[in-house]
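Summary of structural features
Listed here are the chains, written in short residue letters.
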Amino acid sequence: MPTNFTVVPVEDGGAGKSSLELVFREEDITPRRPYSGDNTPRESSPFINNTDHDRGNYYDGKNMALFEEEIESNPMVSSLLNKLANYTNLTQGVTEHEEYENEDGKSAKSTKKFSQMGTFIGVYLPCMQNILGVILFLRLTWIVGTAGIMESFAIVVMCCTCTMLTAISMSAIATNGVVPAGGSYYMISRSLGPEFGGAVGLCFYLGTTFAGSMYILGTIEILLTYIVPNTAVFVAEKKEDETEAMLNNMRVYGTCCLALMALVVFVGVKYVNKLALVFLACVVLSIMAIYAGVIKTIIEPPNYPICLLGNRSLQNHNFEKCMKTEVIKNVTYTTELWKLFCGSPHLNATCDEYFTLNNLTEIQGIPGLLSGVIKDNMWGEYGPSGMLVEKKNQSSVPVQDNSRDIYKPYIFNDISTFFTLLVGIYFPSVTGIMAGSNRSGDLRDAQRSIPIGTILAIATTSFIYMTCVVLFGACIEGVVLRDKFGDSVKKNLVIGTLAWPSPWVIVIGSFFSCCGAGLQSLTGAPRLLQAIARDGIVPFLQVFGHGKANGEPTWALLMTVGICEIGILIASLDAVAPILSMFFLMCYLFVNLACAVQTLLRTPNWRPRFKFYHWTLSFLGMSLCLSLMFISSWYYALVAMSIAGCIYKYIEYRGAEKEWGDGIRGLSLNAARYALIRLEEVPTHTKNWRPQLLVLLKLDSDLGVKHPRLLSFTTQLKAGKGLTIVSSVLEGTYMTLGAEAKSAEQNVKSAMHLERTKGFCHVVVSSNLRDGFSHLIQSAGLGGMKHNAVLMAWPGGWKQAEDSYPWKNFIETVRETTSAHQALLVAKNIDKFPCNQDRLGEGTIDVWWIVHDGGLLMLLPFLLRQHKVWRKCKMRIFTVAQMNDNSIQMKKDLQMFLYHLRLNAVVEVVEMHDSDIAAFTYEKTLVMEQRSQMLKQMQLSKTEREREAQLITKLGTKSHANLSDTATATSDHHVHMTWTKDKLIAERNRKRGEPNVGVKDLFNMKPNQSNVRRMHTAVKLNEVVVNKSQGAQLVLLNMPGPPKNKGGDENYMEFLEVLMDGLDRVLLVRGGGREVITIYS
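What comes next concerns the included structure. (Residues numbered from 1 in each chain as written. Predicted model: local features only at pLDDT ≥ 70, side-chain atom pairs only at ≥ 80, totals over all residues. Heavy atoms only, no water.)

Let's shift gears to a nonpolar patch on the surface. Among the surface-exposed residues, L626, F630, W634, Y635, L638 and M641 lie close enough to one another that they form a single nonpolar patch of about 590 Å² accessible area. For the nonpolar patch, the secondary-structure elements that each account for two or more residues are α22 (615-632) and α23 (634-654). In terms of residues, the nonpolar patch owes the most to one element, α23, which gives 4 residues. Note on placement: L638 falls in helix α23. With relative accessibility at 40%, the residue L638 sits in the partly exposed group. (Patch = residues over 30% accessible without salt bridge, like charges linked within 9 Å, V, L, I, M, F, W, Y side chains within 5 Å. Areas by Shrake-Rupley, 256 points an atom, 1.4 Å probe, with all protein chains shown as cover. Salt bridge = Lys/Arg side-chain N within 4 Å of Asp/Glu carboxyl O. Helix = DSSP H or I, 4+ residues; strand = E, 2+ residues; numbered from the N terminus. Buried < 20%, exposed > 50% of the residue type's maximum accessible area, 1.4 Å probe, protein only.)

Structure representation (structure tokens):
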């Protein structure tokens, strides 16, 4: 027996050993090596092993001796905190690249320089730089002129509200723990799971890539329109070809610019990172120049005259004077404008009718803040492509023929304009709010900096956009605002005409701003794709997870350049902007959804430091994102959602093995809990009844599934879409067989996967099989999702078994299912049942309806025929008529019953007349009873032999004197009954004589009349079934109940064996005591 003792530490040295050391030698106090559950020795704790090293450390932790055995798996708090203190979180990509290319050629050992940015430098300024960009400089004036101040203000408010609500949700997620580099992808994937994370991450990647296309197109538009307009490769020979020539120039120059930027990103990423401050300075200076110009208009408006013919705005870069003729020294000369409309400089030339009837008017394009032009610009002026830009409230004389207007120097709408289009074009100007969260690894205190910096940046940029909308409408003439490319102000950038001190401040600033934004997109998008690829949730993207030795995503960069080129080939800034709006809006939608789900679920790990959030705000942001998607472009929205849906289903189909503790799993758990509670509140109605199967499997010696076809049959029955619990029992104790139980469970799950069985698996360990199956029948399932039917295989070799446990367990299972009011399905010859790949071409499923079982016999063939294995089989129903029954009427009634049940089946009534019991039946019953009696005696003899062997063994180890002393020994409190040698010999002789008497009795036995009648029924019914259904693909039979007296259990098995004799595939069905099928709708 183990001895309890206490080890007392003593001082080092040889003097004075403790009394404990004198009593216990070293080998006596060495404990046994602990064992794990799989019977393999586990490495002992270093505090217990008797090695010299461990002895030296033994006394170090004597204050924590109580926890010494847990130290291996559970570290001390002090060591845990030490590891956390030394933890560093580097951003992916650029940081590693810079470290790799430093002057020493070695990675920097210290990372402190990358973790010292505060809120202003690390979050606020990057967000400002990403939000303020190309749309502000190239399209905001046109949006204000087209939509009017009121509607433009509404667009800005909607989009800025959307990003503000998203920033609140993002702040809650970003402050709920450490967010590594990866930004929104990391937040969404870890909050909503790998399926949503992969889908939305790829959408965010596509949005970032198309944003690069938009910035490059903006760069080329500024270059070719405002900086060097004479360098165009394609020049239109005809007026109507100008648009196509411009698009071709955008494609050529855009492709060259993309190639150059990709080369810069591939070779020198660190220069892009260092030039970020220069690009930001360009944005800030441009914004300051705009506000300075607005203030200057109050004092002295800039001189940008525009020329109107009637109420039509003219392109003034081909003429200097806004007049038809001019008088010089009393001589009238025609102007350049005359030549444009008359085709000749002569005064007698035939001019355009509209030119002849209307006068020229010159007005200021920038009348100033106090001019009152704001009243004319309050409301929008939408129109189709090709519509003339005209000044409202300006008199003109209309003409009938406008077919030649396209060849005149008028200003036209290049695209059809409407409110929803402008929303899609404007929304990219408010994106970029993730810049702070993407730099979380570089921040000194990310959980404080991200919310403050992001929200302040959005508030600042929202203020800038809202004030710009009002100031543009208050300072600039409406026809100039609607002039997208500045043709009416001598090809100047419209927003540049308002700037001070020069339009070139805005032109150069916006050019470098767009260049920088394009470079950053080409830098960030490949790293995002690389992060998704390295997560391994989208298998076909794994190639993009590789890169150069320093981690640079080479393959991802090539993929990004290829997608970006698609946007370049579109060549229109107005066409690309709505595309990336869709992807960004979908990303923001799921950020809001993630926050709302986590808040509503109240998961214990949801503890954001940012407290100013609420699920209603997240839900409002999510709804606003969805609304803006369909407002901007419903067909783009559907395409983006389809792409995300396909990626989601692909990841789900391939089986995302990531487990990130996502909110969708928590949502599923909550939904399941709610559904289970609701199911348990109300009993199941007959119309909703479906077989919820508990499948009892047998395992072989290797813990594999012995009858896999039982799982195939389960799958074929699952047309009812009910619950399936596949279970088995191991005999022993869980402490010793825990590992085997886990291994068996994995084997069963693998078999279920191969047989396409959807359900749950559970392998339990019990002291004996009977108790294990009993516990499963009683407790499997949860709440309203409990099984109502048990499926098992017929114990085929029960007659040849050495012991009676197999058939006794089977009968006890039948009794327990009956007591639990559960249906029982027993499949005979289960290994001959078809697998899921088989297709039974023809044949029948025969139902022998002997007694009413609630309709389960008729429901099961219907469910089987829903599966493609049994689909071509026809259903036949047989019922048995006695002498007093009207078989013709029974057939009509059964046909009508099946008609109301909406079941198609052939009905046949079999008549079984009363007949004398044949001698064969007597003989079979007699043989059955003789066999049963003989088995009992053989079992008794076996027991006695085992006991005798034990006694002889015990006697052989003791002397006769000790045996006699033991036999006569008595005590005051206990009486010991034991065997003497004489008693043993007498008992053995008596037992040896008894079997001879039993054998004589066996030959003189007469069969029990009740058993004779039961055997008669089984034989006659089997004859009829074999005669009618021997060629059937499957035979379903009513399963008779076991006898109430357990003494006839073995006879019951014989009855069932006779009943099924001569049939290949049989399914015995025993109802659960309730109706499972109804004629009512």
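Applying the stated rule across the entire model yields 19 salt bridges. In this structure, R482 engages E381 in a salt bridge whose closest nitrogen and oxygen atoms are separated by 3.7 Å. Of the two residues, R482 is situated in the loop between α17 (478-481) and α18 (494-498) and E381 in the loop between β5 (360-364) and α14 (419-426); the sequence distance between them amounts to 101 residues. Like E381, R482 is buried. Of the charged contacts, one joins E1057 and K828 as a salt bridge, the two residues approaching to 3.9 Å between their closest N and O atoms. A residue pair is termed long-range when its members are at least 10 positions apart, and E1057 in helix α35 (residues 1049-1059) and K828 in strand β10 (residues 823-828) qualify at 229 residues. Summarising the burial analysis for this pair, E1057 and K828 share the class buried. A cluster of three or more residues bridged by salt bridges with shared partners is formed by R139, E221, D414, K484 and D574.

With that settled, consider the pairing of strand β3 (residues 325-328). Bridging between β3 and strand β4 (residues 331-334) involves 4 bridges; their strand directions are antiparallel. Directly across from T325, in β4, lies its bridge partner T334. Where β3 folds back on β4, the antiparallel hairpin that results is connected by 2 residues, among which K329 adopts a positive phi of roughly 55 degrees. (Pairing = 2+ DSSP bridges.)

Summarising the element assignment, W848 is placed in strand β11 (residues 844-849). What makes W848 buried here is its relative accessible area of 0%. Separated by 32 residues in the primary sequence, W848 and V880 have C-alpha atoms spaced 8.1 Å apart. Setting aside residues up to four positions removed in sequence, W848 forms contacts with L857, F878, V910, V1024, V1025, K1028, S1029, V1035, L1036, L1037 and N1038. Within the local environment of W848, its side chain forms a polar contact with the side chain of S1029, the two groups lying 2.9 Å apart. (Contact = heavy atoms within 4.5 Å. Polar contact = N/O pair within 3.5 Å; in protein donor to acceptor, adjacent residues only side chain to side chain.)

Once that is clear, we can look at the sheet that holds strand β1 (residues 305-309). Pairing in this open sheet of 3 strands is antiparallel, and the strands run β2-β1-β5 from one edge to the other. Where the open sheet ends on each side, the last strands, each with one partner, are β2 (312-313) and β5. Note: β1 against β5, 5 bridges, orientation antiparallel. Within β5, the position partnered with L309 by the bridge is L360.

The next subject is the packing of aromatic side chains. The description of two aromatic rings rests on the distance between their centres and on the angle between their planes. Under the counting rule described, the total for this entry stands at 21 aromatic pairs. Ring geometry for F584 and Y588: centres 6.2 Å apart, planes at 35 degrees, overall tilted. With F584 and Y588 both in helix α21 (residues 573-601) and 4 residues apart, this pair spans about one turn of that helix. Of the two residues examined, F584 and Y588, each falls in the buried class. Site record: aromatic cluster; members linked through ring pairs are W338, F341, Y354, F355, Y410 and F412. Lying over the aromatic face of W142, K484 brings its terminal NZ or CZ to 4.2 Å of the ring centre. (Phe/Tyr/Trp six-rings, centres within 6.5 Å; stacked < 30°, edge-to-face > 60°. Lys NZ or Arg CZ within 6 Å of the ring centre and 35° of its normal.)

The next thing to look at is the nonpolar core. Residues M214, Y426, F427, Y465, F472, I476 and F590 are the most contacted members of the largest nonpolar core, which totals 160 residues. Of the residues forming this core, the biggest block, 22 residues, is contributed by helix α8 (residues 183-227). In contact with I476, other than residues within four places in its own chain, are G365, I366, P367, V373, N377, L481, V494 and L498. By size, the runner-up hydrophobic cluster in this structure holds 57 residues, among which are L703, L860, L864 and L901. (Core = buried A, V, L, I, M, F, W, Y, C linked by side-chain atoms within 4.5 Å.)

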